[in-house]
Each structure stands twice: as C-alpha cells, then as structure tokens.
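Next come the chains, spelled out residue by residue.
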Amino acid sequence: QARREGKNGVQVFRSSLDVAVHGQLHLETRLRLALQQGGLHLHYQPQVDVRTGQLLGFEALVRWTDTQLGLVSPARFIPLAEEAGLIGELGAWVLNEACRQAAAWGLRVPIAVNVSALEVAQEDFTQQVHATLRRHGLDGGQLKLEVTERLTVQDLQRAARQLAQLQALGVQLSLDDFGTGQSSVSTLLQLPLNELKLDRSLITGLAESPIEQRVVSALISLGRSLNLSVVVEGVETPGQLQVLRDLGCGVVQGYLTGRPGPASMWTPHLNGPLPLQTSVDRAARDGDAQLH
Ligand code: C2E
Ligand code: MG
Ligand code: MG
Ligand code: MG
C-alpha cells in the first residue's frame, strides 16, 4: 500500500515536472519564432519632470504577444532569453528598434533601453551600441542604458569597462531597480553611472509612511551627493507624487504620468508638457493596462 502511494507520488511529481519542462521548451520555441518573424514590439513610457510635467525621456519596454500564448510578460521571457542564449539577439533588436523610433520621432530627450547584464559583459557590446547609434544618426547623448546588477564580480568588472567606454561616447547610464536585491549600494561603487532609478517597491506606501519618506529622502540625497540624477519609478497616485515633489525628487515615471504604450500613442505629445491629469485618462484608454 505504502509503496503504491510512493510510486504514485513519484509519478505525480514526474509528470508535473515534465509539464514544467515542456512548457519552458515550448515557450523557448515560440520566443525563437517571434524573434525570427518580427513578433516583438516596443512600448514607451514617459519620464516626466515632477514640477513642470515636461517630458524628459522615454523608457522602451519590450512586448511579446504570441498567437498561441497571448501576451507574455517580459519578467517571464527576459530571464528565459538569458538562459536560452537568445538575449544577445533580443537585446540587439530592442536597441535597434528604440534607436530607430527615437530618430523617426526626432526625439530631443534620451530614449532609455534596458540591457541585460549578460549583454553588457560581452566583449563587443560597446561596438554594437556604437554601430546602432551610427546606423540611425544618433549621438551618444540621445541614448540611456538601464542596467541592473545581476553579475558575478568578474562580469561586473568587465561590464564596468564596457560601460565606461559607452559613457565616453556620451551614453547615459542608469542603475535600474535601485533598492531591491537586484541593485545594491556596492554596485554604485563599481559601475560608472549617471542616474539612479529607485524601485517602485520603495514608494508603495509613501503617502502614509513616514519611514518610507525618510528612506526615499535619504536615497535622493545619496544620489545628489554622487552627482547622479534620481528617477522614481512606479508612481501611481497623486499622493505619492505630492510627497516626491516635497522631497525634491526631480523625475518620475509611472502609471500616473503615463502607462507604457505604442509609439503612435505618444507621437502627438512629443512637444510641450504632458498634462499630468489627462495623461492618466489617455493611458487608461490606450496603454497596456492589460499587462499589469
Ligand atoms: P523595469 O526596467 O524596472 O521597467 C519598469 C516596469 O514597471 C515595466 O514593467 C513597467 O511597465 C512597469 N511600470 C511602470 N510604471 C508602473 C507603475 O506605476 N506601477 C506598476 N505597478 N508598474 C509600473 P514591464 O514592462 O513588465 O517590464 C518588466 C521588466 O522587464 C523591466 O523592469 C525590465 O527589467 C525588463 N525588461 C522590459 N523590457 C526589456 C528589454 O527590452 N530588455 C531587457 N533586457 N529587459 C527588459
Ligand atoms: Mg528599466
Ligand atoms: Mg525598474
Ligand atoms: Mg525591473
């Protein structure tokens, strides 16, 4: 009796493992196909001056809608692309497409592109970025790269060399998700940087929590003292925005000031300040609300 149960247990375990492995392989196959057949696209989310509402930049965020699987979150397929050795190809596509769009817009503010730590550690990364900028006639200053720390110490040193070369071309460097496990104070000492992006988990209760306010205030000061600009991401409520204004935060990005949306959604709003309140309504109508 016990043996049969045990055997059944093993079988149940194996079959669910099979399902997981199969699902992962299927996802990988579909992602390869999407890369080959142009199945990825980009959404753009504005970065906004806290005081004036003026547009200071866009972050490009990759989107994948699979015909079978539907919308797949980048939080799921970026790690998969890294494991499957597809991140180089995917990253090159994202960088090229974001630069193409910035050039087509004649964008005067930088376009921010997320790069995987694995990409940055590649020996030819700087050359690849440089070639992409040239292809679209952009200056280094029109591009910002957002990195997170998911590197071994050796890779971090290699990444630092690549990033310093890019910075010399005028490319701005941002440390994404600062304040989470992915992105720590020690990284600040090791990478050349222009910007800190405070993770949204630090501001969820900002309007009500004096402790969160003190922590965010201290991180803004930390950024200042290192000559870094500080962007707060994930701002969703007017209460959060008010506190950030009071704390002297300069730049915000979040659903409140615009959800990520396709380029066509932003084309009419490239010049002049983004009206903070109406951008919320517009975003609710056109943005990628379904993803979150
Ligand atoms: P991230 O770079 O920190 O991007 C910010 C994420 O927060 C995005 O999720 C964005 O849609 C979401 N977001 C923006 N404002 C708000 C808000 O007010 N509230 C909430 N709850 N969320 C907000 P998304 O697009 O799902 O991307 C998730 C992560 O996937 C990104 O985090 C980034 O690490 C990665 N990623 C996205 N696109 C790319 C890419 O092209 N290349 C690479 N390597 N990674 C990417
Ligand atoms: Mg980012
Ligand atoms: Mg982030
Ligand atoms: Mg993130």
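Note that the coordinates shown come from a computational prediction; the quantities given were computed from them, not determined experimentally.

*Asks:* Can you explain the overall build of the protein chain? Please cite residues and give values.
*Replies:* A tally of regular secondary structure across the protein chain gives eleven helices and nine strands. Put simply, the protein chain has 292 residues, and 48% of those count as buried. A separation of at least 24 residues holds for 67% of the contacts in the protein chain among residues at least 6 apart in sequence. When the accessible surface of the protein chain is totalled, it reaches about 14,400 Å², and 52% of it is carbon and sulfur.

*Asks:* Break down helix α9 (residues 238-246) for me, with residues and values.
*Replies:* Among all positions in α9, only Q240, L241, V243 and L244 are buried. Down the axis of α9, the sector holding all buried residues measures 165°, keeping them to one side. Facing away from the buried side of α9, by more than 90 degrees, are the exposed residues P238 and D246.

*Asks:* Could you give an account of the side chain of Q253, naming the residues involved and the relevant values?
*Replies:* When you line up the elements, Q253 lands in strand β9 (residues 251-253). Among the polar contacts listed, one links the side chain of Q253 to the side chain of E59, at a separation of 2.7 Å. A distance of 2.8 Å separates the side chain of Q253 from the side chain of K197, its partner in a polar contact.

*Asks:* Provide a residue-level description of the confidence of the model for the protein chain, including the pertinent values.
*Replies:* Overall, the predicted model of the protein chain reaches an average pLDDT of 87, with 84% of residues at or above 70. A low-confidence stretch, residues 1-6 stays under pLDDT 50, and its non-local contacts, those more than four residues away or across chains, total zero contacts. Residue range residues 277-286 is modelled with pLDDT below 50. Its contacts to residues more than four positions away, or to other chains, number 14 contacts. Two summary scores accompany this predicted model of the complex, namely pTM at 0.89 and ipTM at 0.98.

*Asks:* A description of the coordination of the magnesium ion (ligand 2) should follow, citing residues and the corresponding values.
*Replies:* Around the magnesium ion (ligand 2), the protein contributes the donor atoms E59 (OE), N114 (OD1), E146 (OE) and D176 (OD), which lie 2.0 to 2.2 Å from the metal centre. Going along the chain, you hit the donors of the magnesium ion (ligand 2) in the pattern E-x54-N-x31-E-x29-D. Here N114 falls in the partly exposed class, since its relative accessible area comes to 29%.

*Asks:* Describe the site of ligand 1, naming the residues involved and giving the relevant values.
*Replies:* Within the structure, ligand 1 sits among 24 residues, and R63, N114, D176, E236 and Y255 are positioned closest to it. Interatomic distance of 2.9 Å between a side-chain N/O atom of N114 and an oxygen atom of ligand 1. A distance of 3.3 Å separates a nitrogen atom of ligand 1 from a polar side-chain atom of R200. For the shell around ligand 1, the elements supplying multiple residues, two or more each, are β2 (55-66), α2 (74-83), β4 (111-115) and β6 (172-178). Of all the elements, β2 adds the most residues to the shell around ligand 1, at four residues. In terms of residue class, the shell around ligand 1 is built from ten nonpolar, six polar and eight charged.

*Asks:* Could you give an account of the nonpolar core, with specific residues and numbers?
*Replies:* One finds L31, Y44, F58, L143 and L145 to be the most contacted residues of the largest nonpolar core, which totals 75 residues. For this core, the element with the highest residue contribution is helix α3 (residues 87-105), accounting for eight residues. Leave out the neighbours within four places in its chain, and L145 touches L95, V113, V115, F125, L166, V171, Q172, L173 and S174.

*Asks:* Report on the pairing of strand β1 (residues 40-49), specifying residues and quantitative values.
*Replies:* Across the ten residues of β1, nine count as buried, placing the element largely inside the fold. In this structure, β1 lies alongside β2, joined through nine bridges in antiparallel fashion. Bridging across to β2, Q45 finds its partner in E59. In sequence, β1 turns back onto β2 through a hairpin of five residues, with G53 there showing a positive phi of about 80°.

Rules used throughout
- Residues numbered from 1 in each chain as written.
- Chains lettered and ligands numbered in written order.
- Predicted model: local features only at pLDDT ≥ 70, side-chain atom pairs only at ≥ 80, totals over all residues.
- Heavy atoms only, no water.
- Helix = DSSP H or I, 4+ residues; strand = E, 2+ residues; numbered from the N terminus.
- Buried < 20%, exposed > 50% of the residue type's maximum accessible area, 1.4 Å probe, protein only.
- Contact = heavy atoms within 4.5 Å.
- Areas by Shrake-Rupley, 256 points an atom, 1.4 Å probe, with all protein chains shown as cover.
- Arc of directions from axis to C-beta.
- Polar contact = N/O pair within 3.5 Å; in protein donor to acceptor, adjacent residues only side chain to side chain.
- pLDDT = per-residue confidence, 0-100.
- Donors = N, O, S within 2.8 Å, 3.2 Å for Na, K, Ca; no water.
- Near = heavy atom within 4 Å.
- Nonpolar A, V, L, I, M, F, W, Y, C, P; charged D, E, K, R; others polar.
- Core = buried A, V, L, I, M, F, W, Y, C linked by side-chain atoms within 4.5 Å.
- Pairing = 2+ DSSP bridges.

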